[in-house]
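Listed below, chain by chain, are the residues.
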Amino acid sequence: MARSEAAGRSRWVRRLFGPRAAVTLAGLVALLSVATGILNIGSTSVSGPLAEVIPPTVQQAVGFTGALTGFLMLASVAGLRRGLRAAWYSTLVLLPVTALQGLAQSNVVSYPLVGLSVVSVLLLLLNRRPFERDIDLSTTQVAALAAIVGAQVYGTAGTYALREEFTNVQTLTDAFYYTLVTASTVGYGDVAPVPDSDRATLFAISVIVVGTASFAAALGTLLTPAIEARLANALGNMSDSQLDLLDDHLIVVGVGDLTAPILEEVADLGEQFVVVTRDPERAQRLRERGYEVLTADPTEDEPLKRAGVERARALVAATEDDAQDALAVLAARELNPGLRIVVSATERENEKKLRRAGADEVLSPAAIGGHLLVLSALGEEGMSAVADRILGTEEADESEEVDLP
């Protein structure tokens, strides 16, 4: 009883202070930052506790910079959901900024923003380990990013150099603004080459061609993987972000007759779990019931790594194929020697083989069912005999020597 209570407390601690809580709280901070920024748009003065020390230029900008920081935070939170190391660092940098902006603002939601930002920093520091993934960009994606950055630098520098030949261009900000609205095809028309300058006109044409091409290439290259990930998720695969946030969880390999009651029991206990199966139809059915599923071969190392076998608490194999279960047990044991592995044996004679493969516990549903049926039939009189029978069988199995191949 004491052990179960301690385990229950440990689960609640993980839920309150674990990586999922850190990501959720950071997302809430981002939304609050956007909300406070929108409420302060147009404000030209600050009446908060830092009003006396904030420079006037910062006071004028605090209205919209809060919303901008919030949108940057949302991007960082998206990276946290993928377990990116860069997102962990960027969020850790942005959170103090949101806290300072909250202190500088004076609306009703600014002070909760400050408190949540501080708590979010502490949670991120406590959950450094899950966010270790490097940004995995292909050569094409890197080239697309370089193209869009280069196009913006080219347009900004050229427009500023020719500012005398453009209307309403006096600063680098004006030049960047013109380049951005032109490349994104928004084109407000408030900045344009003067009518009698062929040089400025030709340069504006080059900005249109280079800028729009870089924008189109970047959007197509960078958004396609996200769309593919959504489609994979809809087809029954867990996304990398979901898998990366699993910690101290249960892995169920394969799908059999016992899978449904196992998942119902685990879900009732409130435990995190993931099912790994190579059957896409069964994976889709489980997904429709709200279960997290990774469609892959559970006997291979890579799918088990993606399922977080190195961070898992236990693994359960309960299919109707003892040979496949043994292969999954061998792979899991090699990847995580300390993992607790429980297997359901279809054939009684395969129990010893599954233990040799690395299972900590091997159960036979047929044998357990037979014991329970006899116990139910004999009532209390048969309870002692059935218990002795079970214990005697287990002791015999443990004491019997096994010749390893």
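From a predicted model like this one, the values you see are computed outputs, not experimental measurements. (Residues numbered from 1 in each chain as written. Predicted model: local features only at pLDDT ≥ 70, side-chain atom pairs only at ≥ 80, totals over all residues. Heavy atoms only, no water.)

Engineer: An account of a negative patch on the surface is needed here, citing residue identities and associated values.
Structural biologist: Where like charges cluster on the molecular surface, the negative patch consists of Glu300, Asp301, Glu302 and Glu334. Here Glu302 lies in helix α12 (residues 301-306). (Patch = residues over 30% accessible without salt bridge, like charges linked within 9 Å, V, L, I, M, F, W, Y side chains within 5 Å. Areas by Shrake-Rupley, 256 points an atom, 1.4 Å probe, with all protein chains shown as cover. Salt bridge = Lys/Arg side-chain N within 4 Å of Asp/Glu carboxyl O. Lys, Arg positive; Asp, Glu negative; His and termini not counted. Charge placed at Lys NZ, Arg CZ, Asp CG, Glu CD. Helix = DSSP H or I, 4+ residues; strand = E, 2+ residues; numbered from the N terminus.)

Engineer: Which residues make up the packing of aromatic side chains, and what values go with them?
Structural biologist: Taken as a whole and assessed by the stated rule, the structure comprises five aromatic pairs. Note on Tyr177 and Tyr188: the rings are 6.4 Å apart at their centroids and 5° apart in plane angle, and the pair reads as stacked. Separated by 11 residues along the polypeptide, Tyr177 in helix α7 (residues 172-183) and Tyr188 in the loop between α7 and α8 (198-234) bring together distant segments of the chain. Judged by relative accessible area, which is 60%, Tyr188 ranks as exposed. The ring centre of Trp88 lies 4.5 Å from the NZ or CZ of Arg128, which sits over that ring. When the ring centre of Tyr160 is taken as reference, the NZ or CZ atom of Arg163 above it lies at 4.1 Å. (Phe/Tyr/Trp six-rings, centres within 6.5 Å; stacked < 30°, edge-to-face > 60°. Buried < 20%, exposed > 50% of the residue type's maximum accessible area, 1.4 Å probe, protein only. Lys NZ or Arg CZ within 6 Å of the ring centre and 35° of its normal.)

Engineer: Lay out the UniProt feature "transmembrane region" (unreviewed entry) in the chain in plain terms, naming residues and giving numbers.
Structural biologist: The feature "transmembrane region" (unreviewed entry), as given by UniProt, occupies residues 21-41, 61-80, 87-104, 110-127, 139-162 and 200-223 in the numbering adopted here. Counted over residues 110-127, helix gives 94% and strand 0%. Its end C-alpha atoms are 26 Å apart. Each end of residues 139-162 is marked by a C-alpha atom, and these two atoms are 34 Å apart; helix forms 96% of the span and strand 0%. (UniProt positions renumbered as here; feature names shortened; annotations may be inferred.)

Engineer: Please set out the pairing of strand β5 (residues 340-344) residue by residue, giving values where relevant.
Structural biologist: The pairing of strand β4 (residues 314-317) with β5 spans four bridges and is classified as parallel. Counterpart to Ala317 in the pairing with β5 is Val343. Summarising the sheet, β5 and strand β6 (residues 361-363) pair through three bridges and their orientation is parallel. Looking at β6, one finds that Val342 is bridged to Glu361. Running through helix α14 (residues 351-357), the crossover from β5 to the neighbouring parallel element β6 is right-handed. (Pairing = 2+ DSSP bridges. Right-handed = clockwise from strand over helix to strand, strands pointing away.)

Engineer: Before we move on, could you go through a nonpolar patch on the surface and cite the residues and values that matter?
Structural biologist: A surface patch of nonpolar side chains, about 540 Å² in accessible area, is lined by Tyr154, Leu202, Ile205, Ile208, Val209 and Val210. Position of Leu202 among the secondary structure elements: in helix α8. The exposure class assigned to Leu202 is exposed, which follows from its relative accessible area of 59%.

Engineer: Quick one: what's the story with unusual backbone geometry, residue by residue and with numbers?
Structural biologist: Positive phi is not limited to glycine here, since Asn168 has a value of about 65°. Within the fold, Asn168 resides in the loop between α6 (139-161) and α7. Of the residues examined, Asn168 reaches a relative accessible area of 55% and is grouped as exposed.

Engineer: Can you tell me about the nonpolar core, naming the residues and giving the values?
Structural biologist: Counting residues in each nonpolar core, the largest one holds 27 residues, and the members touching the most others are Ile251, Leu304, Leu315 and Ile341. In terms of residue count, the dominant contributor to this core is helix α13 (residues 322-335) (six residues). Each residue touching Ile251, except ones within four places of it in the same chain, is listed here: Val274, Val276, Ala307, Gly308, Val309, Ala312, Ala314, Leu315 and Val316. Of all hydrophobic cores here, the second largest spans 22 residues; its members include Ala21, Trp88, Leu92 and Leu123. (Core = buried A, V, L, I, M, F, W, Y, C linked by side-chain atoms within 4.5 Å. Contact = heavy atoms within 4.5 Å.)

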